[in-house]
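# Examining the three-dimensional arrangement
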Amino acid sequence: MRGPRWLVFCFVLLSLATGCGEDTVDTVGSHHHVARTNGGAVTLSYDERIAVATNRGDGFVSVFELKPERGPADAVVKTTVLDVGEGSEPWAAVIGADDDTAYVILRKAQKLIRIDHLRTAPVVAADSVVLGSEPMGIAITPTGKLVFVSNWAEGTVSTISTDGFGRGPILDLNERLRATGTLGDVESRLALAHPRALAITDDGDQDDDDETLYATEFFSQPLAPFKNDPAAVDSNRQGFVYPISVETGQIGPAIGISPVSATGFADSDGNMTSCFPNQLFAAAAEGSRLYVTSMCTSPRGPLDKAGDNAANFKTLFHPAVFVVDTTFDATAKTRVNQELPSEGRLLTAVLQPAYDSDASAAGSPAETRMPLIPNDIAFGAASKSGVSAYVLALGADTLFRLDYDANRQLIGIGSPQHRFVAPLSFRGYATGLAVSRRSEHPFALALSDVAQQLSVVDLAHEQVAKKKPAMPDTARAAASLDSPANLGRGAFATGLGVWSYQGAAWSSCEGCHPGGLSDGVTWYFSRGPRRTLSPANTYEKGREQPGQRLLLWGANVDEIHDVESIVRTVSGGVGAMLWQYPADGQPFNDCRLVYDGKALPAAKEGSITCQGGAKRTTNLLNGLNGALSSVVTDGAGCRQDATSCDDAQLVDWNEIDAFIRSLRVPAPPTGLDASRVTAGRKLFVDAGCANCHGGSQWTASMLFYEPSANENGAAPSLRPETLPPLGRLREGLYSVREDLARLNPTANESQRVDCAAGTKCATFRTPATDTSEAARWLLLYGDPSMAPADAATAASKAAGNDQIRCALRDVGTFPRSAAAQAAPGVAPTGGTAPYEVRQDMTTPAQGKDGFNIPSLLGLAVGATYFHAGNARTLEESLDDAFKGHHQSVTGTFLADGAPRNEDIQNLVEFLLSIDDTTQPELVPPEYDFCARAP
């Protein structure tokens, strides 16, 4: 048999063994056909007697010996744990055709390693293969001759021959994405595309040449032509899958996955919502279909309109499975169906009606959870009547069974008695799934990275039969398991308990921040359109006392704990700021600490969760008022005024903060041109870019105080007779050099502001402001004549528009005239102009005074760019439409002329190269406006 013409190696032919659906499977070495072509965090051998699992956080790979004939409860008989290097991040694995060798991605180390002798004495081979930046997806051809790895942060796929374990050609998907025309006029380069999951078809023969490799584009892309219409926000983007010929390595035209026009869920205004496929996490080829899991996203407002509104809480995310027809015409060498996928189903739209009709589940959030973050998919054995797919849900800690008929149409999810299998782990964070194809004692393996645990699921009875540790008995593993960062990783991902509406996994932090990074989506929040920022840029790395970036696009919060307000309003969760954690874990508002002056929530009728109901903090702690972290005790424990609590169940923002501190910035693409990087850095310096984007975090916007009552004030939740100290942020002064005041418009404006309008209500008075008692009341409430009964309402409204004024920069990314605020925002000709409106999609957005300076770390996975995703690419961010930004210091930078395109290419190459190891440029003192405050 001939090998792929684009990668010639000598292969030995061996016969194909019997099918994988039989109870008695082949012994090692006799079949020479892989069990499954796509790998994952956990994977099974052909005979289902070996499983390999990767512990991503701790640098261990576990090899499990199985005896499936004993039944799921007793299937795991032996575990060997291999140390592949602390911090190496073993991410995913596949097992070779000999059923005795595994190939494992080390994500941070950027290597593919081999584990030999799985059945006798597993050992890590001495040799390895170098991969690209942030390798994540892995697949193997049916005969086991080639392994493919997706390099997420640079847009390529590596090929590796298992014969000799050598590196083959690099497949570049960036040109394919550019060719779709969705990114405008841009030349192909590294990190345009972001391939995540890989899957290969398998027609059952011994010929790999007629198979197709599929790679998912993780992030959504704009539709062309783009509709400049607020009503189209949820349907203006699409997903893509790249088909690649195994025989030739040729990459076919990207297959588009359309947005869903009607989700089945209307918002609080009665409008039916749409959604677009984003975060294409996983893929599996089965028969003539490719199944792709996705978060179908609805970022258009309203989100938290009218407070606790169930309709809006259910419109954010819709876990989905999209199906692509992969039927191939061998003569024409093309897919028969070149149209868009034949089916895309939102699992929320199927489950909600099913839950409504399940009498046993009615009113029980624990029985109505959604498959939040569908990060893996695997199939059981197919039959003439159909096939079952199993979807892992990271944020719900569950396994869902999807039943497809013979035509591969979805006919149901689970059964009324078992809509899902849960819990998979007591700490959640399920990262990998492998499913048996046995007819007797069928089982699945689900891996939890936070718990370092493998759950064996009895598929016949749809329950977890056994949980086995997937870590060694070492001090390193134990310390990692119980660390605040590890606990925080689980709390960051989960949508259960207090974290989303009814604790039913409708949303979570991880829903917008996959892997602690960004989903690339522009959401319409209460202040306007805001592109998701990466938490990995929050803290400096490698310092005993790390500095912190001021948070969000508006510099309107200063602690991770302040994100509690989004949990309560946008996600509809109870939140973690509680005076006592619910003893039964149920999400009731009785235990809330009300810290923003709002009315106390009514206790749930008949509830004894928290005796005495919700409690109010003495001072306002919302936004930039006070320090919300001050009410969280060190290392869990009870909240303010608590009489008792269960430490074992308590989770809070301290752990999430520790998790965010532990995040690393993605590595830059490999293969960047060193000469261009050097030339780009010189342009960066000469243009004065470091004036705003300098410093260790590549931003001048760093926290310059310790959040506390002294700095943030002790604003009362009810107006007292005498106004207390408002804190340095409101009573202090700052000044800006006259020739730089254009970058900070608030520096020369009167302090009397209109908090209701919300465009100028801010901290830090300027030298020209009124210092009278009336002005001090104004700083807190927005209106010094507010009656005491309305003071809390006024203070809450003021905090809703508060900003750290000295951190803002106006660089022309927001429409200048007030009349234009509700019109399309700034964008290049033909670009994706956002509407500058708040979540009601009508009220002008906040932004006239500028925005908080973002970090330049991790730009390779940072598209889109600017506060509202105004620019699709780094090249487009340097378009003339954004002259105010890149010419804010040097008015002639990138002016028309012969070297302009060359300069842009060099500058982009440098920006892509920036990571934690790049020596930063310093911010000139005169440009650090906040540091100049007394």
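Residues numbered from 1 in each chain as written. Predicted model: local features only at pLDDT ≥ 70, side-chain atom pairs only at ≥ 80, totals over all residues. Heavy atoms only, no water.

Attention now goes to the pairing of strand β29 (residues 443-448). The element β29 is largely enclosed, with a buried count of 6 among its 6 residues. Alternating residues of β29 divide into F443, L445 and L447 and A444, A446 and S448, and every residue in both groups is buried. Two elements, strand β28 (residues 430-435) and β29, share 5 bridges in a ladder whose sense is antiparallel. When the sheet's bridge partners are listed, G432 is paired in β29 with L447. Direction of pairing for β29 relative to strand β30 (residues 453-458): antiparallel, over a ladder of 6 bridges. What sits directly across from F443, in β30, is D458. Taking the residues between adjacent antiparallel strands as the criterion, β29 and β30 are bridged by 4 residues, where Q452 takes a positive phi near 50°. (Buried < 20%, exposed > 50% of the residue type's maximum accessible area, 1.4 Å probe, protein only. Helix = DSSP H or I, 4+ residues; strand = E, 2+ residues; numbered from the N terminus. Pairing = 2+ DSSP bridges.)

Bringing the nonpolar core into the picture now. In globular proteins that are soluble, nonpolar side chains generally tend to be buried together. If you look at the biggest cluster of nonpolar residues, it comprises 98 residues, and the most contacted ones within it are L112, I138, I377, L402 and W653. Aside from chain neighbours lying at most four places away, what touches I377 is N38, A282, A283, A284, Y291, T293, V321, A389, Y390 and V391. Residues W698, A871, L874 and V908 belong to the second largest nonpolar core, which totals 31 residues. (Core = buried A, V, L, I, M, F, W, Y, C linked by side-chain atoms within 4.5 Å. Contact = heavy atoms within 4.5 Å.)

Omega for the peptide link from G301 to P302 comes to 5°, which places this bond in the cis form. With omega at -5°, the peptide bond leading from A422 into P423 counts as cis. Note on placement: P423 falls in the loop between β27 (410-413) and β28. Positive phi values are uncommon outside glycine, yet Q502 reaches one of about 55°.

The contact between helix α5 (residues 484-493) and helix α8 (residues 653-662) brings their axes to 7 Å, and the two run at 105°. If you check the angle between α5 and α8, you find them roughly perpendicular. Counted together, P484, A485, L487, G488, R489, A491 and F492 of α5 and E655, I656, A658, F659, I660 and S662 of α8 form the full contact between these two elements. Per-class residue counts for the contact of α5 with α8 are 9 nonpolar, 2 polar and 2 charged. (Axes fitted to C-alpha atoms, helices over the stretch in contact; angles between N-to-C directions. Parallel < 35°, antiparallel > 145°, perpendicular 65-115°, else oblique. Nonpolar A, V, L, I, M, F, W, Y, C, P; charged D, E, K, R; others polar.)

Next up on the list: the state of the cysteines. Taken as a whole and judged by the stated rule, the model has 2 disulfides. The disulfide that involves C806 links it to C930, with 2.0 Å between the sulfurs. Here the S-S torsion is close to 100°, and the disulfide linking C806 with C930 is therefore right-handed. Here the residue C806 occupies a position in the loop between α14 (791-799) and β36 (808-809), and C930 occupies one in the segment after α17 (900-913), the gap between them amounting to 124 residues. Each member of the pair C806 and C930 is classed as buried. Left unpaired, C509 is separated from the closest cysteine sulfur, that of C512, by 8.7 Å. Classification of C509 by relative accessible area gives buried; the value is 14%. Counting only cysteine sulfurs, C689 is the nearest neighbor of C692, a cysteine outside any disulfide, at a range of 8.9 Å. By relative accessible area, which is 11% here, C692 ends up buried. (Disulfide = S-S within 2.5 Å.)

Now for empty space enclosed by the protein. Inspection of every chain in the model, using the stated rule, returns 4 cavities of 30 Å³ or more. Here the largest cavity is characterised by a volume of approximately 260 Å³. For the largest cavity, the lining is made up of 20 residues, of which F226, V233, R237, T522 and A868 are closest to its centre. Its residues assigned to classes, the lining of the largest cavity comprises 11 nonpolar, 6 polar and 3 charged. In this model, the second largest cavity occupies a volume close to 190 Å³. (1 Å grid on protein atoms, 1.4 Å probe; cavity = no way out; pocket = protein on both sides within 12 Å on 5 of 7 lines; lining within 4 Å. Points joined across faces, edges and corners; volume = space filled by probe spheres on them.)

Attention now goes to the environment of R107. With respect to the secondary-structure elements, R107 resides in the loop between β6 (102-106) and β7 (111-116). Classification of R107 as buried rests on a relative accessible area of 10%. Each C-alpha atom of the pair R107 and N151 lies 9.2 Å from the other, and the pair is 44 residues apart in sequence. In this structure the side chain of R107 is engaged in a polar contact, spanning 2.6 Å, whose partner is the side chain of E134. (Polar contact = N/O pair within 3.5 Å; in protein donor to acceptor, adjacent residues only side chain to side chain.)

This paragraph deals with the pattern of salt bridges. Tallied over the full model, the rule gives 27 salt bridges. Linking D127 and R114 is a salt bridge whose minimum nitrogen-to-oxygen distance equals 3.5 Å. Highlighted residues: D127 in strand β8 (residues 123-130) and R114 in strand β7, separated in sequence by 13 residues. Overall, the relative accessible area of 17% leaves R114 in the buried class. In this structure, the salt-bridge partner of K682 is D686, at a minimum N-O distance of 2.7 Å. Of this pair, K682 and D686 both sit in helix α9 (residues 674-686), separated by 4 residues, roughly a single helical turn. For K682, a relative accessible area of 55% corresponds to the exposed category. Classification of D686 by relative accessible area gives partly exposed; the value is 48%. (Salt bridge = Lys/Arg side-chain N within 4 Å of Asp/Glu carboxyl O.)

Now for the side chain of S88. Topologically, S88 is positioned in the loop between β4 (76-83) and β5 (90-95). Taking relative accessible area as the criterion, S88 reaches 7% and is therefore assigned buried. With residues up to four places along the chain from it excluded, the contact list for S88 reads G59, L106, R107, K108 and A109.

A separate point is the confidence of the model for the protein chain. Looking at the protein chain as a whole, its pLDDT mean stands at 85, while 82% of the residues score no less than 70. Long-range and interchain partners of residues 5-29, a stretch whose pLDDT sits below 50, account for 58 contacts in this model, where long-range means more than four residues apart. Contacts for the low-pLDDT stretch residues 634-650, under 50 throughout, to residues beyond four places or in other chains number 39 contacts. (pLDDT = per-residue confidence, 0-100.)

Looking at the second largest pocket, its volume works out to about 1,200 Å³. As for the second largest pocket, its lining consists of 49 residues, and the residues nearest its centre are R56, E89, W91, R107 and R489. Among the secondary structure elements, those contributing two or more residues to the lining of the second largest pocket are β5, β9 (135-140), β13 (195-200), β18 (276-286), β24 (374-379), α4 (475-481), α5 and α8.

Enumeration over the complete set of coordinates arrives at 20 aromatic pairs. Ring geometry for F814 against F851: centres 6.1 Å apart, planes inclined by 55°, an arrangement best described as tilted. Separated by 37 residues along the polypeptide, F814 in the loop between β36 and β37 (851-852) and F851 in strand β37 bring together distant segments of the chain. Among the residues examined, F814 registers a relative accessible area of 4% and is labelled buried. When its relative accessible area of 7% is taken as the criterion, F851 is described as buried. Through pairs of rings, three or more aromatic residues link up here, namely W152, F218, F219 and F281. Sitting above the plane of the W91 ring, R107 keeps its charged end 4.5 Å from the centroid. Residue placement shows R196 over the ring face of F218; its charged tip is 4.7 Å from the ring centre. (Phe/Tyr/Trp six-rings, centres within 6.5 Å; stacked < 30°, edge-to-face > 60°. Lys NZ or Arg CZ within 6 Å of the ring centre and 35° of its normal.)

Moving on to the sheet that holds β24. What the 4 strands build is an open sheet, ordered β24-β25-β26-β27; its pairing is antiparallel. Every other strand in the sheet has two partners, leaving β24 and β27 as the edge strands with one partner each. With direction set aside, neighbouring strand axes in the sheet form an average angle of 25°. Across 5 bridges, the pairing between β24 and strand β25 (residues 386-393) is antiparallel. Directly across from I377, in β25, lies its bridge partner V391. Across the sheet, helix α3 (residues 347-357) lies against β26 (398-405) and β27, angled at about 55° from β27, the strand it touches most.

So, about the sheet that holds β6. As summarised here, the arrangement of the 4 strands in space is β5-β6-β7-β8, forming an open sheet in which the pairing is antiparallel. Looking along the sheet, the strands with just one partner apiece sit at the ends: β5 and β8. Adjacent strand axes in the sheet meet at a mean angle of 25°, parallel and antiparallel pairs treated alike. Relative to β6, β5 is paired through 4 bridges, and the arrangement is antiparallel. From the neighbouring strand, A93 faces β6, where its bridge partner is V104.

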